[in-house]
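Each chain, written out:
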Amino acid sequence: NTVSKYPNESYYAMEYSTMVWDPRCYNIVWIGKGNTLWRSTNGAQSYDSIFASPDKGAMMEHIVIARSNPNYMYVTQSSNDLRDGKIWKSTDAGKTWRAVNDPPVTSGSERRVSNIAVSYTNEKELWLAYRAGSRSNKVFHSVNGGDTWINLTTSMVEEETSSDIIHQAGTNGGVYLACDRGK
């Protein structure tokens, strides 16, 4: 068997698409390619286009599927054309999508590259890390699926550049933020 499509790639940190397997079935694979989210139901031998961003210059990047309710999916998008980023959300396993609200007082250039983590026990609890966030706009938290955001940025990360964010399963909101320079 061969893989018929590969995700977006980049040599810049966080500017690539992940290849994500659906937690319900090992044969269902999701990738971002260009401005489109693709799904395979046969182990990546072929893909169907599931959702395309209206921004033709966008790149679908990080895909997360909630383990607590796999109908909830989130995808980050970056756009060099618009110098902005978005988070798309589906609550019906990818049938329909809507953009979630942006965290308050963030600019387009801050939002252009991001990564997202979802709680293992609550499909509406999210953590968001901006790679290019200003000193006060690095890490955000939402408990309602991205309708509203709380800024978690502290002085500890003000000078750092984020490279990943992960929710630690089995904790009450434990999150790891990886930064450049091994921090």
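Before reading further, recall that the structure is shown in the block above.
Residues numbered from 1 in each chain as written. Predicted model: local features only at pLDDT ≥ 70, side-chain atom pairs only at ≥ 80, totals over all residues. Heavy atoms only, no water.

1. Quick notes on the packing of aromatic side chains
So, point 1. Scanning the model with the defined rule gives 3 aromatic pairs in all.
So, point 2. Centroid distance Y130 to F140: 5.8 Å. Interplanar angle 65 degrees. Geometry classified as edge-to-face. Taken as a pair, Y130 in strand β10 (residues 126–130) and F140 in strand β11 (residues 139–142) lie far apart in primary sequence, 10 residues in all.
So, point 3. Judged by relative accessible area, which is 1%, F140 ranks as buried.
So, point 4. Among the aromatic side chains, those forming a connected cluster through ring pairs are F51, W88 and W97. (Phe/Tyr/Trp six-rings, centres within 6.5 Å; stacked < 30°, edge-to-face > 60°. Helix = DSSP H or I, 4+ residues; strand = E, 2+ residues; numbered from the N terminus. Buried < 20%, exposed > 50% of the residue type's maximum accessible area, 1.4 Å probe, protein only.)

2. As for the pairing of strand β9 (residues 114–118)
So, point 1. Of all 5 residues in β9, 5 are buried, a share of seventy percent or more.
So, point 2. The two faces of β9 match: S114, I116 and V118 on one face and N115 and A117 on the other face are all buried.
So, point 3. Sheet topology note: the β9/β10 ladder contains 5 bridges and is antiparallel. Among the inter-strand pairings, A117 is bridged to a residue of β10, identified as W127. (Pairing = 2+ DSSP bridges.)

3. Here we look at the sheet that holds strand β8 (residues 98–99)
So, point 1. Spatially, the 4 strands line up as an open sheet ordered β5-β6-β7-β8, and their pairing is antiparallel. If you trace the sheet from one side to the other, it starts and ends with β5 (58–65) and β8, each paired once.
So, point 2. In the sheet, strand β7 (residues 84–90) pairs with β8 via 2 bridges, with the strands oriented antiparallel. Note that in β8 the partner of K89 across the bridge is R98.

4. What to know about the sheet that holds strand β3 (residues 36–40)
So, point 1. As summarised here, the arrangement of the 4 strands in space is β1-β2-β3-β4, forming an open sheet in which the pairing is antiparallel. In this open sheet, the two strands that pair with only one neighbour each are β1 (19–21) and β4 (48–52). Going from strand to strand, the sheet's axes swing by 25 degrees on average, the running direction of each strand aside.
So, point 2. The pairing of β3 with β4 spans 4 bridges and is classified as antiparallel. (Axes fitted to C-alpha atoms, helices over the stretch in contact; angles between N-to-C directions.)

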